[in-house]
Amino acid sequence: MQILDGIKLAKEIKQEIKEAVEAAVKEGKRKPHLAAVLVGNDGASQTYVNNKIKDCQQVGFESSLVKLPNTVSQTELLEVIQKLNTQENLDGFIVQLPLPAQIDQEEIIEAINPKRDVDGFHPTNFGKMALDMSTFLPATPFGILEMLDRYNIPTRGKHAVIIGRSRIVGRPMSILMGRKDFPGNSTVTLTHSNTENLSYYTNHADIVITALGVPGFLTADMVKEGAVVIDVGITRVDDDSEKGYKLVGDVDFENVKQKASWITPVPGGVGPMTRAMLLKNTLLAYKNNTK
Ligand code: NAD
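What counts, and at which threshold
Residues numbered from 1 in each chain as written. Predicted model: local features only at pLDDT ≥ 70, side-chain atom pairs only at ≥ 80, totals over all residues. Heavy atoms only, no water. Pairing = 2+ DSSP bridges. Helix = DSSP H or I, 4+ residues; strand = E, 2+ residues; numbered from the N terminus. Axes fitted to C-alpha atoms, helices over the stretch in contact; angles between N-to-C directions. Contact = heavy atoms within 4.5 Å. Buried < 20%, exposed > 50% of the residue type's maximum accessible area, 1.4 Å probe, protein only. Patch = residues over 30% accessible without salt bridge, like charges linked within 9 Å, V, L, I, M, F, W, Y side chains within 5 Å. Areas by Shrake-Rupley, 256 points an atom, 1.4 Å probe, with all protein chains shown as cover. Salt bridge = Lys/Arg side-chain N within 4 Å of Asp/Glu carboxyl O. Core = buried A, V, L, I, M, F, W, Y, C linked by side-chain atoms within 4.5 Å.

S.K.: How should the sheet that holds strand 3 (residues 62–68) be read in this particular structure?
M.R.: Two strands in a sheet stick together by hydrogen bonds in their backbones, pointing the same way (parallel) or opposite ways (antiparallel). Taken in spatial order, the 3 strands of this open sheet run 3-2-4, and their pairing is parallel. A strand with exactly one partner marks an edge of an open sheet, and here the two such strands are strand 3 and strand 4 (92–95). When the angles between neighbouring strand axes are averaged without regard to direction, this sheet yields 15°. In the sheet, strand 2 (residues 33–39) pairs with strand 3 via 7 bridges, with the strands oriented parallel. Each bridged residue has a counterpart across the sheet, and for Ala36 the counterpart in strand 3 is Leu65. Its contacts with the sheet put helix 3 (residues 74–86) on strand 2, strand 3 and strand 4, and the angle it makes with strand 2 is roughly 180°.

Put into structure tokens, the structure is as follows:
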């Protein structure tokens, strides 16, 4: 078994981005600029946004944070988005999900200028991705592709089984693994909560990607010897630590690692890659804007 080390790769990618920014600044260009919109005070969302801001600082990006109360109305949030859509010298922005119940999330995502949608959630960008056109790929699937690429994990002709069909991970992942490229060219099975006899599919998988959010769901009896196992799941589970919780993946890591050829840990696998890919998308937006 070998570890797919997201911390190490993300560090390499951030260094590459930092060098690209330094080179651009040397040429007299401005720095890339990412903004984040945070609504309410959900602990996990705050942590995610703080990390994104910290990442920006590490690679030399400008960053800004728009904080809004939990009671924000649809109209107010749309106004903020309209401003960010046209703000000068801003390359991209993200609206941290989930949003409060009074907000129509679909309308918010559709209101984002696709050229600034560095999360890759806008239908235009999702459509472009599905059509193999150049666009912002959603950060988590993008991070997994980058991981497969940099570790040179064979994907062509392999059977990839994805568990979970969310718009941000499972579904785009299934499209990307099936595309005519590397990483890709896999035969893909997209499974979900209505899939019958799931272990039949996972037991016939060369690559298993879990994105469901159920701690320890994928057990050793569900994977074949030598499979590549990628764990997207992150669930906060209470413990006695100072923080009061730990992060747990969808894979029963200790037992599955005995059978896997390659496996991602949680934490330290897909999570850091997701963060790095948001920076990569922002750099792409910046390049488009400063051509
Ligand atoms: P989601 O929570 O929107 O949906 C879960 C999916 O899992 C659904 O499609 C559902 O059909 C499927 N599912 C649920 N129970 C199932 C079962 N018993 N068998 C088969 N399928 C089942 O999904 P999401 O937003 O992609 O999040 C999934 C997990 O990934 C969560 O733990 C989330 O925190 C994590 N996540 C991690 C990252 C990262 O960077 N590592 C990024 C995004 C999400």
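S.K.: Honestly, unusual backbone geometry in this entry has me stumped. Any pointers?
M.R.: Glycine aside, negative phi is the norm for most residues, and most peptide bonds take the trans geometry. Of note, the bond from Leu97 into Pro98 is cis; its omega dihedral lies within 30 degrees of zero at 0°. Note that Pro98 resides in the loop between strand 4 and helix 4 (105–111). Cis geometry is adopted by the peptide bond preceding Pro183, which originates at Phe182 and carries an omega value of -10°. Structurally, the position occupied by Pro183 is in the loop between helix 7 (170–178) and strand 6 (187–191). In the Ramachandran plot, Asn152 falls in the positive-phi region, its phi being about 50° despite a non-glycine side chain. Mapped onto the elements, Asn152 comes out in the loop between helix 6 (139–150) and strand 5 (159–163). When its relative accessible area of 58% is taken as the criterion, Asn152 is described as exposed.

S.K.: Is there a simple way to explain the sheet that holds strand 1 (residues 2–3) in this structure?
M.R.: If you walk across this open sheet you meet the 6 strands as 1-11-8-7-5-6, and the pairing is parallel. Strands at the two margins of the open sheet, each flanked by one partner only, are strand 1 and strand 6. Note that strand 1 and strand 11 (residues 262–263) share 2 bridges and pair parallel. Counterpart to Gln2 in the pairing with strand 11 is Trp262.

S.K.: Explain a nonpolar patch on the surface to me, please; I cannot follow it from the model alone.
M.R.: On the surface, Tyr48, Ile234 and Leu247 cluster together to form a nonpolar patch covering roughly 240 Å² of accessible area. Looking at where Tyr48 falls in the secondary structure, it is placed in helix 2 (residues 43–59). Look at Tyr48 and you get partly exposed, because its relative accessible area is 39%.

S.K.: Which parts of the structure should I look at to understand the nonpolar core?
M.R.: The nonpolar side chains of soluble globular proteins are, as a tendency, buried together. The biggest cluster of nonpolar side chains holds 50 residues, and the ones touching the most others in it are Leu4, Ile17, Phe61, Ile144, Met177, Ile209 and Ile230. Looking at which element gives the most residues to this core, the answer is helix 10 (residues 270–289), with 9 residues. Discounting chain neighbours no more than four positions away, the residues touching Met177 are Leu145, Leu148, Thr155, Ala160, Ile162, Gly184, Asn185, Ser186, Val188, Ile207 and Ile209. Counting residues in hydrophobic clusters, the runner-up holds 18 residues, among them Val37, Leu78, Leu84 and Ile108.

S.K.: Honestly, the pattern of salt bridges in this entry has me stumped. Any pointers?
M.R.: Tallying each qualifying case throughout the model produces 13 salt bridges. For the salt bridge of Glu22 with Lys18, the shortest nitrogen-to-oxygen distance reads 3.8 Å. Taken together, the residues Glu22 and Lys18, both in helix 1 (residues 6–26) and 4 residues apart, mark about one turn of the helix. Between Asp91 and Arg30 there is a salt bridge; the shortest N-O distance is 2.8 Å.

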